[in-house]
Amino acid sequence: MKTTTVARVAALCSGVMAVGAWAQAAPASAPAAPAASAPAAALPLAHPQTSALVDGLLKAWYAPAARRFGSDGDALVDRTQAWCASSVKNPTPATRDPALDAARQAWVQAMSSWTRLSAVQIGPLLERHSDTRLDFQPMRPAALDKVIANPTAPGEWAMDRVGAQARGLPAMEYLLWKKPAAPHTPACAYLVVLARDLRDEARELALAYAGEAAATRSADEAATWFNTYVNQWLAGMGRMRWRDLEMPVRSWGMDQAPRAASGQTALAWRERWQALRQPSAGGTGTPNGVVPLTDYLRSRGLAAAADAMARDVGLADSALQGATPATPGPQLLEAAKRVDFVTHTIARDVSAQMQIQLEFSADDGD
């Protein structure tokens, strides 16, 4: 495991020595000059509480979330195959058919489980570049049409040659809602291929996270993992703030918000926020065994930072409550600001009190 943790400054100040000549000139009753207090040394990341947090996240969060995503991937393949084998002619976005409805619901379930798993991307998600493979946004309809029109063989596509802008969840969403793929057409055949590609990636992720959860780690390895996790947690918060909330309001328009084609933007926001806030501050729905960051900070003697973070999470909860694409833009921007505030304690305070190396992320939006 590549070590990225570096020590912050841990300087120890010596006591202030009195100057001899001044001391001789001073009255006998003059109080002694107070000694300068030494700044606290940065807390090391290699610590039993760090190891407990890492073990908890892998065993109680990532491994179960990856298994659920794998199961939802299996269901998505079954439902898309059933839809593409049906006899419906010329479907439109308004078409209601049991097979199409089942395929759409399977996509929603897979999207939800993917969002929970990938909100903070670490380990196999990073190593396999799963986000690029499964959730590149924005999807490009022209690129998708070109891929569908140029199979490597009838009904077959070499997915290692397909660009990210024409695959994954966004491409499937387009083929299920925006421009529904008609059964027994190349578009529907490609829809099934996309579902199988997602299923295969989900299975690989489930295996990889099961292996990580079962592995033993030294204190230094856990410290390295945690340092990466903090950076990815900040990136995940930044993605929700910038890509999910700010950009649709400021630039893209709500028709380009995440999951807009399926009408699932509000659900996607809720799923992402819960997948960020539960490992941050716990609360309802947090799996047993997960050590929230606020609890971790308290265990390391940083109670004030934990309290500040818990407060900011609560304010973000309130700002995001009931948020939908119809929520007024200024209100959504305020919610985005509250999400950003949650990161301040870690980025500005805790990183200076602990040996955490912060790195720039493309999801910072700056």
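The structure we're discussing is the one just above.
Predicted model only: the values in this text are computed from it and were never measured.

Novice: Pulling in residues and values, what's your account of the packing of helix α2 (residues 48-84) against helix α9 (residues 219-252)?
Specialist: One can describe the packing of α2 onto α9 by two numbers: an axis separation of 8 Å at closest approach and a directional angle of 65°. As for how α2 packs across α9, the hand of that crossing is left-handed. Taking contact as the criterion, the partners of T50, S51, L53, V54, L57, L58 and Y62 in α2 are, on α9, A219, A222, A223, W225, F226 and Y229. Each residue belonging to the contact of α2 with α9 can be placed in one class, and the counts come to 11 nonpolar, 2 polar and no charged.

Novice: Tell me about the state of the cysteines, and please be specific about residues and values.
Specialist: All chains considered together, the criterion is met by 1 disulfide. The disulfide partner of C84 is C188, and the S-S distance across this bridge is 2.0 Å. Torsion about the S-S bond of the C84 and C188 cystine: about -85°, corresponding to left-handed handedness. Here the residue C84 occupies a position in helix α2, and C188 occupies one in helix α8 (residues 186-214), the gap between them amounting to 104 residues. Of the residues examined, C188 reaches a relative accessible area of 1% and is grouped as buried.

Novice: So what about the nonpolar core? Which residues, and what values?
Specialist: In globular proteins that are soluble, nonpolar side chains generally tend to be buried together. Among the nonpolar cores identified, the biggest contains 102 residues, and Y62, L175, Y190, W233 and W273 are the most heavily contacted of them. When residues of this core are assigned to their parent elements, the largest contribution, 15 residues, is made by α2.

Novice: Can you lay out α2 for me, pointing to particular residues and giving the numbers?
Specialist: For α2, spanning 37 residues, the distance from its first C-alpha to its last is 53 Å, which sits close to the expected 54 Å at 1.5 Å a residue. Its maximal kink placed at L58, α2 deviates by approximately 35°.

About the thresholds
Residues numbered from 1 in each chain as written. Predicted model: local features only at pLDDT ≥ 70, side-chain atom pairs only at ≥ 80, totals over all residues. Heavy atoms only, no water. Axes fitted to C-alpha atoms, helices over the stretch in contact; angles between N-to-C directions. Helix = DSSP H or I, 4+ residues; strand = E, 2+ residues; numbered from the N terminus. Left-handed = near helix turned anticlockwise from the far one by under 90°. Contact = heavy atoms within 4.5 Å. Nonpolar A, V, L, I, M, F, W, Y, C, P; charged D, E, K, R; others polar. Disulfide = S-S within 2.5 Å. Buried < 20%, exposed > 50% of the residue type's maximum accessible area, 1.4 Å probe, protein only. Core = buried A, V, L, I, M, F, W, Y, C linked by side-chain atoms within 4.5 Å. Expected span 1.5 Å × (residues − 1). Bend = angle between axes of the 7 residues up to and from the residue.

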